[in-house]
Structure formats: structure tokens, C-alpha cells
Amino acid sequence: MRAFVTGATGLIGQRLCRELLEDGHEVVALSRKPQGGDGIEWVQGDATGPGDWQRALDGCDAVINLAGESVAGRRWSAARKRVLVASRVETTNHLVDAIAAAKSPPRSLVSASAVGFYGPRGGTLLREDAAPGRDFLARLCVDWEAAAAGAQRHGVRVVCLRFGVVLSRRGGALAAMKAPYRLGLGGAIGSKGNWFPWVHDDDAVGLTRHALEASWAGPVNVVSPAVVTMGEFARELGRAMHRPILGQVPLPLARLALGEFAYSISPGQKVHPAVAERVGYAFSKALLRDALAECLAG
Ligand SMILES: NC(=O)c1ccc[n+]([C@@H]2O[C@H](COP(=O)([O-])OP(=O)(O)OC[C@H]3O[C@@H](n4cnc5c(N)ncnc54)[C@H](OP(=O)(O)O)[C@@H]3O)[C@@H](O)[C@H]2O)c1
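Report follows, based on the coordinates. (Residues numbered from 1 in each chain as written. Predicted model: local features only at pLDDT ≥ 70, side-chain atom pairs only at ≥ 80, totals over all residues. Heavy atoms only, no water.)

Brief notes about the site of the ligand
Moving on, step 1. The immediate surroundings of the ligand are formed by 24 residues, with T9, L11, S31, E69 and R88 found nearest.
Moving on, step 2. Here L11 contributes a backbone N or O atom positioned 2.8 Å from an oxygen atom of the ligand.
Moving on, step 3. R88 has a polar side-chain atom sitting 2.8 Å from an oxygen atom of the ligand.
Moving on, step 4. Within the complex, the protein chains bury 81% of what would otherwise be the 890 Å² of accessible surface of the ligand.
Moving on, step 5. Elements represented by at least two residues in the shell around the ligand include exactly α1 (11-22), α2 (78-101), β5 (108-114) and β8 (165-167). (Near = heavy atom within 4 Å. Polar contact = N/O pair within 3.5 Å; in protein donor to acceptor, adjacent residues only side chain to side chain. Areas by Shrake-Rupley, 256 points an atom, 1.4 Å probe, with all protein chains shown as cover. Helix = DSSP H or I, 4+ residues; strand = E, 2+ residues; numbered from the N terminus.)

Dropping the structure here:
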């Protein structure tokens, strides 16, 4: 397979590209700041606008779209919200334009989305057919997925991966969460009983690869089948780090580590990976304790 990847320098993209190369596939990766020297064919460009980079997609068998400015760590000012939207929706629109213009277009587009699609939903079990929410992140995900779906008009199979919080030893949300836990200030963000949809990066990448190679289309919840409450997550992370925890972390404190994103995840979402279950995907790290042990080892 010859795969065109956006967000190849990111948490999920780096590992995905490495695995694709190890399995003998060709990787063409778009980056604003290509890193080079690792078997990847780097294309310098910014997908928030059209450009020469769009020609590099011609002749690729699949597109994996993982670009997106981080939602964590900073205040969501009006200007930042525009960047969050443009780096997902505009990039996806320009990818679809490139697909439409290609002489030899790809057969599939696997595009990132997030469980933020569902908005704050309390204890309702959220399978892929659940309705979207109405808050900022939900509307962003709806527009992002609609942009990706535009590729269907060109005969492309489209999968939208609704990632939960990806737990990884290489960074991401867990790296930001670890700092308060080290100080004994970790704990449930918001109410202990709210749900926390998580996935280990083995399975974030595993399901992305499955989506590339399988024949299914549509949205896919990329979360562990063993969804836990915020309280259970805090207890497990405290145990794994050998640190005491607070029962509940006040939101302004959580905001110091996660930015405005803390407010977005605190109401919780009980997301279920119904499609992964139906296609028989075997999770590598279905249990939080195993996932955290791997992420924190060494
Ligand atoms: N990790 C999670 O917990 C999680 C959860 C839910 C959804 N997701 C979504 O899944 C995708 C991949 O996640 P990730 O954690 O691997 O992301 P990441 O590590 O934050 O990397 C995202 C990539 O997007 C590109 N990017 C960042 N800001 C951009 C901007 N303003 N304009 C254009 N491109 C920009 C960067 O590529 P260059 O700098 O090389 O151009 C970067 O490699 C993202 O869209 C993310 O929103 C992730």
C-alpha cells in the first residue's frame, strides 16, 4: 500500500507510519515541518490551505488524516477556536479536493474524529449511531466528519475514527496528567462517577490499521470496551504511580494541566466500541490497569 498521511509527526501518526513502513508499505507524509531521514517520503506543506502538496496524494492507495491542533493545554479564545476548526475541517476539505483532482485517486480515507462528537451525555451508553452533542467540540467533530464524508462522492470508502483519550508512554494527555499526580494532586476531574472514555495507543493505532485494511465504512468509536469512571481512572493512575490522590480535583486545578479541555471532558461520556466489537477486533490493552502499567513502565 502507498499511504498518504497527515498528522504523521503526531502521537498516533508517528507510530502508525513506523508500523506501516515496517510492514513494507510506502508512506507519503505531509507536515508543516518535515522531520526526514526515516524511510518516509516527506512533503512540506500546510493542509489548512490548498497547495502543491495536494499533488502528492495522486497515486496513493489510502489517505490517513490525523492532523489537528491540540485541544488541550491552552484557553479556547475565539482565535484559538478558529485554529482548532481550520486544522481539522479545512484540512479535510483540502484533502477531499485533492482526492477529487487525482488522476489515480485513493480507495479509502481514514479520518480522525473524537468522542467529543457526542458532547456531554452523562451515563447514556454511546454507540456509533448515537446522536451528536451541541457543544463546541461536538459541532467541530460533526463538521470534521461531514468534510471527510465528502470523499464518498468520489467513490472513496470513508471511516471516521472517534478517538477517546489516547493513553501512551510517548506523550499526549497522560503526560499532562502525570504532573499533578506526582505532587499528590491527582484525582477525578469533575465528579468521580462521570465516565472517562480511554484507549491505549496500541489500540488507537491497531484500530486505525484495521480501518485501513478492512472493508467497513462510517464512524468507529476508538475506545476501550472497559470504560471506567473518573474515580476509577484516578484510583488506578494513583496506584500505578504510587501516589495518593485527592477524591476530586477542582476544575480550575485540572485546567492548569489540561487547559479548557478539562471542562470538556469532566461531564464524562460512556462510549462503547460497538463497531470494533462487531468486526471482532481484539483489543491489545482492554483493561486500564494493563494499559497504565505499559505506559508507566520504566
Ligand atoms: N491523542 C488523543 O488523545 C486524541 C483524542 C481524540 C482525538 N484525537 C485526534 O486524532 C488526531 C491525531 O491525534 P494525535 O494525538 O496524534 O495528535 P497530535 O500529536 O497533536 O498531532 C497532530 C498533528 O496535526 C498537525 N497539526 C497540529 N496543529 C496543526 C495546525 N494548526 N494546522 C495544521 N496541522 C496541524 C501536526 O502536524 P505537523 O506539525 O507535522 O504539520 C501534528 O503532527 C488529531 O486530529 C486529534 O485531534 C486525538
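Topic: the packing of α1 against helix α5 (residues 201-213)
Moving on, step 1. Interaxial distance between α1 and α5 falls to 10 Å at its minimum, and their mutual angle equals 55°. The orientation of α1 relative to α5 falls into the category oblique. Every pair of crossing elements has a handedness; the one defined by α1 and α5 is right-handed. Where α1 abuts α5, its residues I12, R15, L16, E19 and L20 lie against D201, D202, V205, T208, R209 and L212. (Axes fitted to C-alpha atoms, helices over the stretch in contact; angles between N-to-C directions. Parallel < 35°, antiparallel > 145°, perpendicular 65-115°, else oblique. Left-handed = near helix turned anticlockwise from the far one by under 90°. Contact = heavy atoms within 4.5 Å.)

So, the pairing of strand β7 (residues 157-163)
Here is the key point about a regular strand: its side chains alternate between the two faces of the sheet.
Moving on, step 1. When you tally the buried positions in β7, you get seven out of seven residues, the bulk of the element.
Moving on, step 2. Side chains of β7 alternate between two faces, with R157, V159, L161 and F163 and V158, C160 and R162 buried alike.
Moving on, step 3. Two strands pair when backbone bridges link them, and β7 and strand β12 (residues 218-222) are joined in this way by five bridges, in the parallel orientation. Following the sheet pairing, L161 is matched in β12 by V220. (Buried < 20%, exposed > 50% of the residue type's maximum accessible area, 1.4 Å probe, protein only. Pairing = 2+ DSSP bridges.)

Regarding a nonpolar patch on the surface
Moving on, step 1. A contiguous nonpolar surface patch, about 400 Å² in accessible area, is contributed by L183, L185, L253 and L256.
Moving on, step 2. Mapped onto the secondary structure, L183 falls in the loop between α4 (173-182) and β9 (188-189). (Patch = residues over 30% accessible without salt bridge, like charges linked within 9 Å, V, L, I, M, F, W, Y side chains within 5 Å. Salt bridge = Lys/Arg side-chain N within 4 Å of Asp/Glu carboxyl O.)

Section: the packing of aromatic side chains
Between two aromatic rings, the relevant description is the distance of the centres plus the angle of the planes.
Moving on, step 1. A full pass over the atoms with the stated rule returns five aromatic pairs.
Moving on, step 2. For the ring pair F4 and W53, a centre distance of 6.4 Å and an interplane angle of 25° mean the geometry is stacked. With F4 in strand β1 (residues 2-6) and W53 in the loop between β3 (41-44) and β4 (62-65), this residue pair connects regions lying 49 residues apart in the sequence.
Moving on, step 3. Here W53 falls in the buried class, since its relative accessible area comes to 4%.
Moving on, step 4. Across the ring face of W144, the terminal group of R88 is positioned such that the distance to the ring centre comes to 5.1 Å.
Moving on, step 5. A cation over a ring is seen here: R162 above F117, with NZ or CZ 3.6 Å from the ring centre. (Phe/Tyr/Trp six-rings, centres within 6.5 Å; stacked < 30°, edge-to-face > 60°. Lys NZ or Arg CZ within 6 Å of the ring centre and 35° of its normal.)

Digging into the pairing of β5
Moving on, step 1. Extensive coverage of β5 is indicated by the burial of six of its seven residues.
Moving on, step 2. As judged from the four bridges shared by β4 and β5, these two strands associate in the parallel manner. Bridging across to β5, A62 finds its partner in S108.
Moving on, step 3. As for the winding sense of the linkage, the β-α-β connection from β4 through α2 to β5 is right-handed.
Moving on, step 4. The pairing of β5 with β7 spans seven bridges and is parallel. Paired with A112 across the bridge in β7 is L161. (Right-handed = clockwise from strand over helix to strand, strands pointing away.)

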